[in-house]
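Chain by chain, the residues run as shown.
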Amino acid sequence: MRTYLVTGGAGFIGSNYIHYMLHRYNNEIRIINVDALTYAGNLENLRDIEGRENYHFVKADICDKEAITQIFEEHDIDRVVHFAAESHVDRSIQEPEIFVKTNVLGTAVLLNCAKKAWEFLDGSFQEGKRFLHVSTDEVYGSLDEDGGYFYETSPYAPHSPYSASKAAADLLVKSYIDTYHFPASITNCSNNYGPYQFPEKLIPLMINNALHGEKLPVYGDGKNIRDWLYVEDHVKALDMVQEHGRLGETYNIGGNMEKQNIEIVNIIIDTLHDMLPETDPRKKLISKDLISYIEDRKGHDRRYAIAPDKIKTEIGWEPETEFEQGIRKTIAWYFEHEEWMENLTSGEYQTYYDAMYKDKYGQF
Ligand code: NAD
Ligand code: TYD
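Conventions adopted
Residues numbered from 1 in each chain as written. Chains lettered and ligands numbered in written order. Predicted model: local features only at pLDDT ≥ 70, side-chain atom pairs only at ≥ 80, totals over all residues. Heavy atoms only, no water. Helix = DSSP H or I, 4+ residues; strand = E, 2+ residues; numbered from the N terminus. Rg over C-alpha atoms; globule rule 2.2 N^0.38 Å. Buried < 20%, exposed > 50% of the residue type's maximum accessible area, 1.4 Å probe, protein only. Contact = heavy atoms within 4.5 Å. Lys, Arg positive; Asp, Glu negative; His and termini not counted. Charge placed at Lys NZ, Arg CZ, Asp CG, Glu CD. Near = heavy atom within 4 Å. Polar contact = N/O pair within 3.5 Å; in protein donor to acceptor, adjacent residues only side chain to side chain. Core = buried A, V, L, I, M, F, W, Y, C linked by side-chain atoms within 4.5 Å. Areas by Shrake-Rupley, 256 points an atom, 1.4 Å probe, with all protein chains shown as cover. Nonpolar A, V, L, I, M, F, W, Y, C, P; charged D, E, K, R; others polar.

Participant: What's the story with the overall build of the protein in this structure? I'm lost.
Facilitator: The helix and strand inventory of the protein stands at 13 helices and twelve strands. Its C-alpha atoms give the protein a radius of gyration of 20 Å, within 12% of the compact-globule value 21 Å for 364 residues. On the principal axes, the C-alpha backbone points of the protein span a range of 65 × 45 × 40 Å. Counting the 364 residues in the protein, one finds 56% classified as buried. Long-range pairs, those at least 24 residues apart, make up 83% of the contacts in the protein with a sequence separation of at least 6. For the protein, the separation between the mean place of its 37 positive charges and that of its 60 negative charges on side chains is 1 Å.

Set out below in structure tokens:
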């Protein structure tokens, strides 16, 4: 039975990955989820599987060398899938240091613990061990509106403290591959959306605000472009890269789904209207009048777009979920999980939201 060490499994993509893997492989695999449970980590995301014998949760910080060493000593880990990170660009602009600590130092600790556990005295590695570093397309910087794509060969040019810290982590992984022939691969994925996403990111924030009749804060001119991928398509790609990808390689993962932010906000408003029953009083609150243009994000990248050619050709992965279908599934999930959203947005989130947005309304 293969054992997976998943870091950051209580977050958005990590929890979707764990659900996907346990559904796909059932009792053929064992998953150990290590997560520090920061504001972004939520064990509610895993409530339905927490009693399973082949799933174990360990609360630990990936920067804690002793705790991570202990996990490798107690378990014969076959696969590491490394999601744990500080992941929100706006927070990285406010508080860069924690991004360097978790994303760079945390990755270094994890790499070193895996290396120690898997390496023979002669410097070779045990057969079948693999480390997957989950990263972002933001390491490549920003594209012009009128053309070009990110390829695996594109130069790194990160702009935000978030993307700079992820780029540093990627380079550390590459250095382990080059120096030690460490058995790792890297994936760089575009923007994800879907169930369990924390409402500080564009799509769940807009859904939540619209349902409460609150303003929909669009940064700058609203024409920045992101390439959206439904999270289930991403986690499927990660499994395929672990199983069929070449070690030492980087694979870009993207949705072929470029949209301006303002288009996304309009689609959310229209879809909510379409999906809410006539009798639902919230329907009257939701209108395009809620859209409020606010001060732009500092250093705001204009466009991201992935060319997912390599993963298609080598591994046979392609995005499957059309945006219209994915957004309906996402909204349906949020309808069914209103309590989840209420719990998340009741406490600390409100302090974050007020500091981030309150004084910006009405200025633009
Ligand atoms: P998230 O913020 O929702 O989850 C991060 C998880 O990591 C949380 O559960 C948090 O508690 C945990 N964590 C944070 N610091 C930790 C630490 N020091 N030790 C242990 N656990 C810690 O993030 P996400 O959106 O699920 O992203 C997961 C990964 O995927 C990140 O590495 C991110 O860079 C990458 N990624 C995200 C996207 C996206 O659109 N969300 C796109 C491409 C790549
Ligand atoms: P986000 O979800 O934070 O992802 P990222 O910055 O990693 O791409 O933001 C997606 C886009 O939406 C980005 O261009 C910033 C913009 N945005 C807004 O216009 N308003 C908001 O309230 C948020 C959170 C994001």
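Text resumes after the structure shown.
Participant: Is there a simple way to think about the site of ligand 1 in this case?
Facilitator: Taken together, the neighbourhood of ligand 1 is formed by 28 residues, with I13, D35, S87, Y162 and K166 sitting nearest. Note that an oxygen atom of ligand 1 is positioned 2.7 Å from one of the side-chain N or O atoms of Y162. Within the contact set of ligand 1, an oxygen atom lies 2.9 Å away from a backbone nitrogen or oxygen of N192. For the shell around ligand 1, the elements supplying multiple residues, two or more each, are α1 (12-25), β5 (130-136), α5 (161-180) and β7 (191-193). Broken down by element, the residue count for the shell around ligand 1 peaks at three residues, all from β5.

Participant: Would you mind showing me how to read the nonpolar core here?
Facilitator: The nonpolar side chains of soluble globular proteins are, as a tendency, buried together. Counting 73 residues, the largest nonpolar core has Y17, I31, I203 and F323 as its most contacted members. Dropping the residues within four chain positions of it, I31 is found in contact with Y4, V6, I18, M21, L22, N54, Y55 and H56. Judged by nonpolar contacts, the second largest core, of 26 residues, contains L5, A67, I77 and L110.

Participant: What's the story with the environment of E243 in this structure? I'm lost.
Facilitator: Considering the arrangement of structural elements, one finds E243 in helix α7 (residues 231-244). The class of E243 is partly exposed, set by a relative accessible area of 24%. C-alpha separation for the pair E243 and I315, spaced 72 residues apart in sequence, amounts to 9.2 Å. Each residue touching E243, except ones within four places of it in the same chain, is listed here: R2, Y4, Y25 and R79.

Participant: Got a minute to help me understand the pairing of strand β6 (residues 184-189) in this structure?
Facilitator: Put simply, side chains in a regular strand alternate between the two faces of the sheet. For β6, a buried count of six out of six residues is recorded, marking the element as mostly surrounded by other parts of the structure. Of the two faces of β6, both are covered, the one formed by A184, I186 and N188 as well as the one formed by S185, T187 and C189.

Participant: Before we go on, may I ask you to explain the site of ligand 2 in this structure?
Facilitator: Surveying the vicinity of ligand 2 reveals 18 residues, the closest of which are E138, R226, R297, H300 and Y357. N191 places a side-chain nitrogen or oxygen 2.9 Å from an oxygen atom of ligand 2. Here H300 contributes a side-chain N or O atom positioned 2.7 Å from an oxygen atom of ligand 2. Against a free-state accessible area of 510 Å², the protein chains account for coverage of 97% of ligand 2. With three residues, the single largest contributor to the shell around ligand 2 is strand β8 (residues 216-219). Class assignment for the residues of the shell around ligand 2 results in eight nonpolar, five polar and five charged.

These values are about where atoms sit, not about what they do.
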